[in-house]
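# Fold and geometry: a report
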Amino acid sequence: MAANSPEHPAHAQHTVSYASYLLIWLGLIALTAITVAAAGIDLGRWVIITALGIASIKTLLVLAIFMHLKFEDQVFRIFLAVALVTLAIFIVLTFFDYAFH
Amino acid sequence: MTTHTPSAAVGHHAHRDDVGSRMGMWLFLFTELILFGGMFIAYAVYRFKYPAEFQLAATELDTFVGTLNTIILLTSSLTIAMSITALQEGRKALSMLLVTLTILLAFGFLVNKYFEWGHKFAVGIYPRSPELLARTSGEVLYFGLYYVMTGLHALHVIIGIVVLAFNLVFIARGSVHAGAFVKLETGALYWHLVDVIWIFLFPLFYLIH
């Protein structure tokens, strides 16, 4: 483990400006409006895909900027990828099990 | 072993690993991902099996309240993110104001949830109610998942309020400050996760038409 001295942390702490945060928030609100509006349209089987697609974009914005993932070490993003792949395996295996029962 | 020491008292030689602290919180968040992920998988299987029943049951949720709560949580994520910037700039009062706003928004979310659930209970829709059991199994499953998933989420909101309240005290006392704010960062990470879970719960329960 890297021991950082308090005055000089090994990682340069990134300060995100209020304006960037506000911009991301505006984007999130806009995407919320879009997903609510899209739910009123009969898109058939695309309803769920649209809803999950917009939710994924919103999540990406929160993770990258609000949660500072964009400014963290690469290892954080690799760990997240491992966690998401694990969840994806669970989902795929469950549906295989369900489909062939 | 590392002994945790108040940084203000020890000064220059306190052992600190901010990256490690944030990584620890991220690892914890991954376990949360798997916890909620399992429930989302259960939801997916049953929605796949009972599409019409889920659609019918979802019409009973109030999209307006759901949208309002989405905006409340997104805004609370904004305020907690900004509180870190404020602290980094050494603006303690502003940072405390932003954390307080986040906590107030969290309470607002819970108040809406209280009235929402209260209304459902009033019309007789709650787990194992005679009114609900008289319906199709798809609708029973929808409301079962609705109560468990939004309930577990609401529990996270309550825990988040406690975590942020501790941070407010830490900032007030000066143990969390411009030179040492990883506690606020990890608290904020937890709070953003609560937001992310809701980003998925909202369309999956409120927006099936």
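Given the structure is predicted, the values throughout are model-derived calculations rather than measurements.

On to the overall build of chain A. What chain A contains, in helices and strands, is three helices and zero strands. Secondary structure elements of chain A occur, N-terminal to C-terminal, as α-α-α. Considering only contacts within chain A whose residues lie at least 6 apart along the sequence, 51% involve residues at least 24 apart. Within the structure as shown, chain A displays about 6,100 Å² of accessible surface, and the carbon and sulfur contribution to it stands at 75%.

Along the backbone of chain B there are eight helices and zero strands. Reading the secondary structure of chain B in the N-to-C direction produces α-α-α-α-α-α-α-α. Going through the 209 residues of chain B one by one, you find that 54% of them count as buried. Across chain B, every contact between residues at least 6 apart in sequence was considered, and the portion connecting residues at least 24 apart equals 82%. Per element, the accessible surface of chain B, about 8,900 Å² overall, is 72% carbon and sulfur. Measuring between centres, the 12 positive side-chain charges of chain B sit 6 Å from its 12 negative side-chain charges.

Here the focus is the side chain of A:Thr35. Structurally, the position occupied by A:Thr35 is in helix 1 (residues 18-39). Using a relative accessible area of 5% as the deciding quantity, one classes A:Thr35 as buried. The residues touching A:Thr35, leaving out its near neighbours within four places in the chain, are A:Ala51, A:Ile54, B:Phe202 and B:Leu207.

Between two aromatic rings, the relevant description is the distance of the centres plus the angle of the planes. Residue and element names in this part refer to chain A. The full count for this structure, using the stated rule, is 23 aromatic pairs over all chains. Centroid distance phenylalanine 96 to phenylalanine 100: 6.0 Å. Interplanar angle 10 degrees. Geometry classified as stacked. By relative accessible area, which is 47% here, phenylalanine 96 ends up partly exposed. Since its relative accessible area comes to 65%, phenylalanine 100 is described here as exposed.

This brings us to the confidence of the model for chain A. Of all residues in chain A, 87% have pLDDT values of 70 or greater, and the mean over the chain is 87. Helix 1 of chain A holds the highest mean pLDDT among the elements of chain A, 96, whereas helix 3 (residues 74-99) of chain A holds the lowest, 94.

Listed per partner, the contact involves 50 residues of chain A and 53 residues of chain B. In total, about 4,600 Å² of surface goes out of reach between chain A and chain B, with carbon and sulfur atoms giving 75% of it. Run the count over chain A and chain B and you get one salt bridge. Notably, a salt bridge pairs B:Arg22 with A:Glu72, separated by 2.5 Å at the nearest N-O pair. At the boundary of chain A and chain B, one finds eight residue pairs in polar contact (both at pLDDT 80 or more). In terms of residue count, the dominant contributor to the side of chain A that touches chain B is helix 3 of chain A (13 residues). Split by residue class, the side of chain A that touches chain B holds 34 nonpolar, twelve polar and four charged.

Let us now look at the nonpolar core. Soluble globular proteins: nonpolar side chains tend toward being buried together. Residues and elements named next belong to chain B. The biggest cluster of nonpolar side chains holds 81 residues, and the ones touching the most others in it are Trp26, Tyr142 and Phe205. Of the residues forming this core, the biggest block, 16 residues, is contributed by helix 8 (residues 182-206). Beyond its immediate chain neighbours, meaning those up to four positions away, phenylalanine 205 contacts Tyr43, Ala58, Leu61, Tyr142, Leu145, Tyr146 and Met149.

As a further point, take the layout of surface pockets. There is about 1,300 Å³ of room inside the largest pocket. Those elements that provide at least two residues to the lining of the largest pocket are helix 2 (46-66) and helix 3 of chain A together with helix 2 (18-49), helix 3 (51-58) and helix 8 of chain B. By residue number, the principal contributor to the lining of the largest pocket is helix 2 of chain B, which donates twelve residues.

We now examine the side chain of B:Ser95. When you line up the elements, B:Ser95 lands in helix 5 (residues 92-122). Of note is the side chain of B:Ser95, whose polar atom sits 2.9 Å from the backbone oxygen of B:Ser83.

Residue and element names in this part refer to chain B. Taken as a whole, this structure holds eight salt bridges over all chains when the rule is applied. Among the ionic pairs, aspartate 18 bridges to arginine 16, the shortest N-O distance being 2.6 Å. Where glutamate 60 meets arginine 135, a salt bridge forms, and the shortest distance between an N and an O atom there is 2.5 Å. Placement of the pair is glutamate 60 in the loop between helix 3 and helix 4 (63-88) and arginine 135 in the loop between helix 6 (130-133) and helix 7 (137-173), with a sequence separation of 75 residues.

How each quantity is defined
- Residues numbered from 1 in each chain as written.
- Chains lettered and ligands numbered in written order.
- Predicted model: local features only at pLDDT ≥ 70, side-chain atom pairs only at ≥ 80, totals over all residues.
- Heavy atoms only, no water.
- Helix = DSSP H or I, 4+ residues; strand = E, 2+ residues; numbered from the N terminus.
- Contact = heavy atoms within 4.5 Å.
- Areas by Shrake-Rupley, 256 points an atom, 1.4 Å probe, with all protein chains shown as cover.
- Buried < 20%, exposed > 50% of the residue type's maximum accessible area, 1.4 Å probe, protein only.
- Lys, Arg positive; Asp, Glu negative; His and termini not counted.
- Charge placed at Lys NZ, Arg CZ, Asp CG, Glu CD.
- Phe/Tyr/Trp six-rings, centres within 6.5 Å; stacked < 30°, edge-to-face > 60°.
- pLDDT = per-residue confidence, 0-100.
- Buried area = accessible area lost by both parts, 1.4 Å probe.
- Salt bridge = Lys/Arg side-chain N within 4 Å of Asp/Glu carboxyl O.
- Polar contact = N/O pair within 3.5 Å; in protein donor to acceptor, adjacent residues only side chain to side chain.
- Nonpolar A, V, L, I, M, F, W, Y, C, P; charged D, E, K, R; others polar.
- Core = buried A, V, L, I, M, F, W, Y, C linked by side-chain atoms within 4.5 Å.
- 1 Å grid on protein atoms, 1.4 Å probe; cavity = no way out; pocket = protein on both sides within 12 Å on 5 of 7 lines; lining within 4 Å.
- Points joined across faces, edges and corners; volume = space filled by probe spheres on them.

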